[in-house]
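Structural characterization, general
Here are the chains, one letter per residue:
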Amino acid sequence: MKSIFDTVSFECSKNVTKSYSTSFSTAVKLLAPTIRQDIYNIYGFVRFADEIVDTFHDYNKMELFELFEKDLKSAIVNKISLNPILNSFQHTVHQYQIPMPLIDAFMKSMKMDLIKTNYTLSEYSDYIYGSADVVGLMCLKVFVNGDQSKFDALEHAAMRLGSAFQKVNFLRDLKADFEDLNRTYFPNTDLSNLNEESKNQIIQEIEADFKAGYEGIVNLPIEAKFGVYTAYIYYKKLLSKLKKTPSTEIKNTRIRVPDYQKYGLFAKCYFSYKLNIL
């Protein structure tokens, strides 16, 4: 029965989320059970695409990516895939009518990572839209249960929050992206000579995204609000640590939030949510 295969596929997406990101998987657990699996399904898809372009250095990445892209299109058209991650994802795509242009934009940005190492301002904007904004929009489709009017009202905030998360990741992973992958995402920034002024300009840009994103969080459906708010607080904490870290250190190490601080943040989020003071 296909239902058994679907169950196995869903477990694969859940395990991918738990294996690759303890912080994100914790936030997903705080979503309502009715939407939790679909966010796992989205994460599993974007994680696998990202893994191809970021880590499979001993293989032909372009060949693997094009095969993955072909299987993705087949999965969506045929509503099944022997790749359990894609089988899970297509289920969510059809259930919530996730528009194909969002998926295409994501794949376009991932493919850019295979051929580009530096980004102009317009290319940076396009990359952020495809790699982060549309992921936020895919999740928003789930959060509003396909309600188009609610989606339209929250679309801008969801994009800005997705941008904020991605830019924090870029700043945190500056060393790995620059040294290991030879990539520079932030335009007009010489990462080999990153100084406090250029770092603060990046942080101000991220803080503006967070402010716009928060306005959407408070208006999310109850099923999604706590989980998204928790992710927001975690990334705000990470940005705060980056803000306090000298630019020379950001270039040479990966900043992280220790587990004990994460647990404290999650507890504070819970009380804020219960007291309705978001």
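Our structure's up above, just so we're on the same page.
No experiment lies behind these values; they were computed from the predicted model shown. All residue numbers refer to position in the chain's written sequence, counted from 1. Reporting of local features is limited, given that this is a predicted model, to residues whose pLDDT is at least 70; pairs of side-chain atoms are given and counted only at 80 or more, and all residues count toward the totals for whole chains, interfaces and linings. To obtain the side-chain values, all non-hydrogen atoms of the structure were included, while hydrogens and water were left out.

**Overview of the overall build of the protein**
Labels follow the DSSP assignment, with helices taken as runs of H or I lasting at least four residues and strands as runs of E lasting at least two, numbered in each case from the N terminus. A tally of regular secondary structure across the protein gives 13 helices and 0 strands. Seen in sequence order, the protein has helices and strands lined up from the N terminus as α-α-α-α-α-α-α-α-α-α-α-α-α. Categorising residues by exposure relies on relative accessible area from a 1.4 Å probe, with only protein chains included: less than 20% of the type maximum marks a residue as buried, more than 50% marks it as exposed, and the intermediate range marks it as partly exposed. Within the protein, the proportion of its 278 residues that are buried is 52%. Residue pairs in contact within the protein that sit at least 24 positions apart in sequence constitute 70% of those at least 6 positions apart. With an accessible surface of roughly 13,500 Å², the protein has 53% of that area assigned to carbon and sulfur atoms. Contacts: residue pairs with any heavy atoms within 4.5 Å of one another. Where accessible areas are quoted, they stem from the Shrake-Rupley method and a 1.4 Å probe; at the residue level, only the protein chains shown are allowed to cover.

**A look at the pattern of salt bridges**
We define a salt bridge as a contact between a side-chain nitrogen of Lys or Arg and a carboxyl oxygen of Asp or Glu at a distance within 4 Å. Per the counting criterion, the structure on display carries 10 salt bridges. Note that Arg47 is salt-bridged to Glu51, the shortest N-O span being 3.1 Å. One end of the pair is Arg47 and the other is Glu51, both in helix α3 (residues 33-55) and 4 residues apart, which spans about a single turn. Residues Arg47 and Glu51 agree in their burial class; the two are buried. The shortest N-O distance in the salt bridge between Glu205 and Lys167 comes to 2.8 Å. In this pair, Glu205 sits in helix α10 (residues 196-217) while Lys167 sits in helix α8 (residues 148-172), placing the two residues 38 residues apart along the sequence. Because the salt bridges share partners, they merge into one network encompassing Arg160, Lys167, Glu205 and Asp209.

**With respect to the packing of helix α4 (residues 61-78) against helix α6 (residues 100-115)**
Under this scheme, a helix contributes an axis fitted over its contacting stretch, all axes are lines through C-alpha atoms, and angles between N-to-C directions fall in the 0 to 180 degree range. For the pair α4 and α6, the least separation of the axes is 11 Å and the interaxial angle reads 175 degrees. In terms of orientation, α4 lies roughly antiparallel with respect to α6. Listed contacts from α6 to Lys61, Met62, Phe65, Glu66, Phe68, Glu69, Leu72 and Ile76 of α4 are Met100, Ile103, Met107, Met110, Lys111, Leu114 and Ile115. Residue classes in the contact of α4 with α6 are distributed as 11 nonpolar, no polar and 4 charged. Roughly parallel refers to an angle under 35 degrees, roughly antiparallel to one over 145, roughly perpendicular to one between 65 and 115, and oblique to any angle outside these ranges. Ten residues, namely Ala, Val, Leu, Ile, Met, Phe, Trp, Tyr, Cys and Pro, are considered nonpolar, four, namely Asp, Glu, Lys and Arg, are considered charged, and the remaining ones, Gly among them, are considered polar.

**A closer look at the packing of aromatic side chains**
Put simply, two rings from Phe, Tyr or Trp (the six-membered ring, in Trp's case) pair if the centres are within 6.5 Å, and we call them stacked under 30 degrees between planes, edge-to-face over 60, tilted for the rest. According to the stated counting rule, one finds 11 aromatic pairs in the structure shown. With a centroid separation of 4.9 Å and 20 degrees between ring planes, the pair formed by Phe24 and Tyr43 is classed as stacked. With Phe24 in helix α2 (residues 22-29) and Tyr43 in helix α3, the pair connects residues that are 19 residues apart, well separated along the chain. Members of the aromatic cluster, each reached through a chain of ring pairs, are Phe165, Phe210, Tyr214, Tyr229, Tyr232, Tyr234 and Tyr235. Should the NZ of a Lys or the CZ of an Arg lie within 6 Å of a ring centre and within 35 degrees of the ring normal, that charge is described as sitting over the ring. One Lys or Arg, Lys141, reaches over the ring of Phe151 and ends 4.7 Å from the middle of that ring.

**What to know about α4**
Helix span, as expected, comes to 1.5 Å for every residue beyond the first. Taking 1.5 Å as the rise per residue, α4 with 18 residues should run 26 Å; its terminal C-alpha atoms sit 25 Å apart, in good agreement. Those residues of α4 that sit buried are Lys61, Phe65, Phe68, Glu69, Leu72, Ala75 and Ile76. Along α4, the residues classed as buried sweep out an arc of 125 degrees about the axis, all on the same side. Residues of α4 that are exposed and point more than 90 degrees away from the buried face comprise Glu63, Lys70 and Val77. Buried residues along α4 sit in contact with α3, α5 (84-96) and α6. For this quantity, the arc is that covered by the directions from the helix axis to the C-beta atoms.

**Concerning α3**
Taking 1.5 Å per residue, 23 residues should reach 33 Å; α3 reaches 32 Å between its end C-alpha atoms and fits that length. Burial of α3 is extensive: 17 of the 23 residues sit out of reach of the surface.

**Some words on the environment of Glu63**
When you line up the elements, Glu63 lands in helix α4. Each C-alpha atom, one on Glu63 and one on Ile52, is 9.8 Å from the other, the two residues being 11 residues apart in sequence.

**Topic: the layout of surface pockets**
Roughly 150 Å³ of internal volume is contained in the second largest pocket. Cavities and pockets were defined on a 1 Å grid built over protein atoms only: a cavity is a set of grid points that admits a 1.4 Å probe from which the probe cannot escape, a pocket is an open set flanked by protein on both sides within 12 Å along at least five of seven lines, and lining residues are those with an atom within 4 Å of any such point. What lines the second largest pocket is simply Tyr124, Ser125, Ile128, Tyr129, Asp133, Arg160, Ser163, Lys167, Glu205 and Asp209. Broken down by secondary-structure element, the contributors of at least two residues to the lining of the second largest pocket are α7 (121-143), α8 and α10. In terms of residues, the lining of the second largest pocket owes the most to one element, α7, which gives 5 residues. Grid points are joined across faces, edges and corners, and a volume is the space filled by probe spheres set on the points.

**Quick word on the side chain of Asn87**
Within the element layout of this structure, Asn87 appears in helix α5. You can call Asn87 buried: its relative accessible area is 0%. Setting aside its immediate chain neighbours within four residues, Asn87 contacts Lys2, Phe5, Asp6, Ser9, Lys79, Ile80 and Ser81.

Coordinates in, geometry out; function isn't part of it.
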